[in-house]
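Chain residues, written in single-letter form:
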Amino acid sequence: MLSEKMTEALNQQINKEFYSAYLYLEMANYYADESLDGFQNWFNVQAKEEMAHAMLFVNYLLDHSCHVNLESIAKPGQTYNDYKAPLEASLKHEKEITASINNLYELSVQDNDYRTRQILDWFIREQYEEEVNAQNLIDRYEIFGEDKHALWEMNQDLLARTFVEPTIA
C-alpha cells in the first residue's frame with residue numbers, strides 16, 4: 001500500500017505531466033504559426049509523451065487501489081520572441097520535472113517504498129533522455145538557426161520524429 005503522502009505526491013506529478021503536455025502543445029502551436037512544421041511535429045510528439053507519462057502514473061495509482069485526483073491544468077500562457085526561446089524553455093521545464101521526479105524518489109526512499117522506487121528508476125532514466133534531447137535541439141539550433149537553409153533542413157529532420165508509446169520494463 002502506498003502512503004498517503006506518496007499518493008498525494010504522485011497525484012501532483014500527474015498534474016505536472018499533463019501541464020507539460022499543455023506546455024509542449026503551446027510550443028507546437030507557436031512553431032505552426034511560424035510555418036515550421038518539423039518543430040511543430042517535435043513538440044506534438046513531446047506532448048504525447050508527457051500525456052503517456054501522466055497515464056503511467058495514473059495506472060500505477062489505480063493498480064495500487066489509490067484514488068486518482070485530477071486537478072485543473074494551468075494555462076501555460078507563454079509568448080516567444082524567436083525560434084530558440086521555446087527550445088530553451090523546454091530544457092528549463094525538463095529540469096524542473098527532473099527535480100520533481102527526484103523528490104518523488106527521495107520520498108520513496110523515506111517510505112521504504114521499493115515498488116514506487118522501481119517505477120521512478122524508469123522515470124529517472126527517461127528524464128535524463130528528455131534533458132539530453134532538449135539540449136541537443138538547442139545545440140543544433142545554435143549551429144544552424146541563423147542559416148535559413150540549414151534551419152529548413154533541421155525542420156525537415158524534425159518531421160521524422162514519431163511517437164512511441166512508453167513502457168516501463
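Along every chain, residues carry numbers that run from 1 in the direction the sequence is written. At least 70 in pLDDT is required for a residue's local features to be given in this predicted model, at least 80 for side-chain atom pairs to be given and counted, and no such filter applies to totals for whole chains, interfaces and linings, which use all residues. To obtain the side-chain values, all non-hydrogen atoms of the structure were used and water was disregarded.

### Here's the deal with the UniProt feature "binding site: Fe cation" (unreviewed entry) in the protein
Sites flagged by UniProt as "binding site: Fe cation" (unreviewed entry) map to Glu17, Glu50, His53, Glu94 and Gln127. The annotated residues occupy 111 residues of the chain but converge on a single region, no pair of C-alpha atoms lying more than 13.0 Å apart. Only runs of H or I of at least four residues qualify as helices and only runs of E of at least two qualify as strands under DSSP, and these elements are numbered from the N terminus. Structurally, Glu17 can be placed in helix 1 (residues 4-33). Discounting residues that sit within four places of it in the chain, Glu17 has contacts with Glu50, His53, Ala54, Phe57, Ile97 and Ile101. Examined against the element boundaries, Glu94 turns out to sit in helix 3 (residues 84-110). Residue Glu94 is classed as buried on the basis of its relative accessible area of 1%. The criterion used for residue contact is that any of the two residues' heavy atoms lie within 4.5 Å. When sequence neighbours within four positions are dropped, the list of residues in contact with Glu94 reads Tyr24, Gln46, Glu50, Gln127, Glu130 and Glu131. UniProt positions are given in the numbering used here, feature names are shortened, and annotations may be inferred rather than shown by experiment. Remark: exposure states derive from per-residue accessible area (1.4 Å probe, protein chains only) relative to the maximum for the residue type, with buried under 20%, exposed over 50%, and partly exposed in between.

### Let's talk about the packing of helix 2 (residues 37-63) against helix 3
In this analysis, axes come from line fits to C-alpha atoms, helices being fitted only over the stretch in contact, and the angle between any two N-to-C directions falls in the range 0 to 180 degrees. For the pair helix 2 and helix 3, the least separation of the axes is 13 Å and the interaxial angle reads 15°. Considered as vectors, helix 2 and helix 3 are oriented roughly parallel to each other. Classified by chirality, the crossing of helix 3 by helix 2 is left-handed. On the side of helix 2, the interface is formed by Phe39, Phe43, Gln46, Glu50 and Phe57, while helix 3 contributes Pro86, Leu87, Ser90, Glu94, Ile101 and Leu104. Grouping the constituent residues of the contact of helix 2 with helix 3 by class yields seven nonpolar, two polar and two charged. Here the angle decides the label: under 35 degrees means roughly parallel, over 145 means roughly antiparallel, 65 to 115 means roughly perpendicular, and every other value means oblique. Rotating anticlockwise by less than a right angle from the far helix to the near helix defines a left-handed crossing, while the corresponding clockwise rotation defines a right-handed one. Residues are grouped as follows: nonpolar covers Ala, Val, Leu, Ile, Met, Phe, Trp, Tyr, Cys and Pro; charged covers Asp, Glu, Lys and Arg; every other residue, Gly included, is treated as polar.

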